[in-house]
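Residues per chain, in single letters:
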Amino acid sequence: ISDSLVMAGRAVEMARAGGCRSVFVLGVDFMSENVAAMLKENDMGDVRVYRMDEAPIGCTLADAANSDEYRQYLSSPASRRAEEPAVHIVYIN
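Here is a short report on the structure shown in this document. (Residues numbered from 1 in each chain as written. Predicted model: local features only at pLDDT ≥ 70, side-chain atom pairs only at ≥ 80, totals over all residues. Heavy atoms only, no water.)

**Structural notes on the overall build of the chain**
Then, number 1: Secondary structure summary: the chain contains four helices and two strands in total.
Then, number 2: Out of the 93 residues belonging to the chain, those deemed buried represent 22%.
Then, number 3: Pairs at least 24 residues apart make up 70% of the contacts formed inside the chain by residues separated by at least 6 positions.
Then, number 4: About 7300 Å² of surface is accessible on the chain, with carbon and sulfur atoms providing 55% of the total. (Helix = DSSP H or I, 4+ residues; strand = E, 2+ residues; numbered from the N terminus. Buried < 20%, exposed > 50% of the residue type's maximum accessible area, 1.4 Å probe, protein only. Contact = heavy atoms within 4.5 Å. Areas by Shrake-Rupley, 256 points an atom, 1.4 Å probe, with all protein chains shown as cover.)

Here is the structure:
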């Protein structure tokens, strides 16, 4: 059990130590994508990353952050009200 950043870091550590040629991930889709990206960033793109489920496993938080809806909000008059300044927070796990 791990969060995706810790899991990806651990995969890099194991690959560096020479004992990891494949990583199998059972979690939401971005977890395996994060592991693969971190391995590639550390010149270990030859370490294979496998998702353990063929069906997509979504994340409600990521799914709620629809970029089209966010762009529409940013271009709306409500987002530009001086009396109600908006703070935009991007959550990265």
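That shown, we press on.
**Details of a nonpolar patch on the surface**
Then, number 1: Taken together, the side chains of Phe 24, Leu 26, Tyr 50 and Met 52 define a hydrophobic patch exposed on the protein surface, amounting to about 450 Å² of accessible area.
Then, number 2: Relative to the helices and strands, Phe 24 is located in strand β1 (residues 22–25).
Then, number 3: Looking at Phe 24, the relative accessible area reads 53%, which means it is exposed. (Patch = residues over 30% accessible without salt bridge, like charges linked within 9 Å, V, L, I, M, F, W, Y side chains within 5 Å. Salt bridge = Lys/Arg side-chain N within 4 Å of Asp/Glu carboxyl O.)

**Details of helix α1 (residues 4–16)**
Then, number 1: Here α1 spans 18 Å end to end across 13 residues, near enough to the 18 Å set by a 1.5 Å rise per residue.
Then, number 2: Among the residues making up α1, those that are buried are Ser 4, Ala 8, Ala 11, Val 12 and Ala 15. Considered in projection along α1, the buried side chains sweep an arc of 100° and stay on one side of the axis. Seen from the open side of α1, the exposed residues pointing more than 90 degrees away from its buried face are Val 6 and Arg 16.
Then, number 3: Against the buried residues of α1 lie β1 and α2 (29–41). (Expected span 1.5 Å × (residues − 1). Arc of directions from axis to C-beta.)

**Focus on the packing of α1 against α2**
Then, number 1: At a minimum axis distance of 9 Å, the contact between α1 and α2 shows a crossing angle of 40°. When the axis of α1 is compared with that of α2, the two are oblique. Handedness of the crossing formed by α1 with α2: right-handed. In contact with Ser 4, Leu 5, Met 7, Ala 8, Gly 9, Ala 11, Val 12 and Ala 15 of α1, α2 contributes Phe 30, Met 31, Asn 34, Val 35, Met 38 and Leu 39.
Then, number 2: Split into classes, the residues belonging to the contact of α1 with α2 amount to eleven nonpolar, three polar and no charged. (Axes fitted to C-alpha atoms, helices over the stretch in contact; angles between N-to-C directions. Parallel < 35°, antiparallel > 145°, perpendicular 65-115°, else oblique. Left-handed = near helix turned anticlockwise from the far one by under 90°. Nonpolar A, V, L, I, M, F, W, Y, C, P; charged D, E, K, R; others polar.)

**Looking at the nonpolar core**
Then, number 1: Core analysis: the largest hydrophobic core is formed by 14 residues, its most contacted members being Ala 15, Val 23, Val 35, Leu 39, Met 44 and Val 47.
Then, number 2: Residue assignment for this core shows that the elements contributing at least two residues are α1, β1 and α2.
Then, number 3: In terms of residue count, α1 provides more of this core than any other element does, four residues in total.
Then, number 4: Once residues within four sequence positions are removed from consideration, Val 23 is found in contact with Ala 11, Val 35, Leu 39, Val 47, Arg 48, Val 49 and Tyr 50. (Core = buried A, V, L, I, M, F, W, Y, C linked by side-chain atoms within 4.5 Å.)

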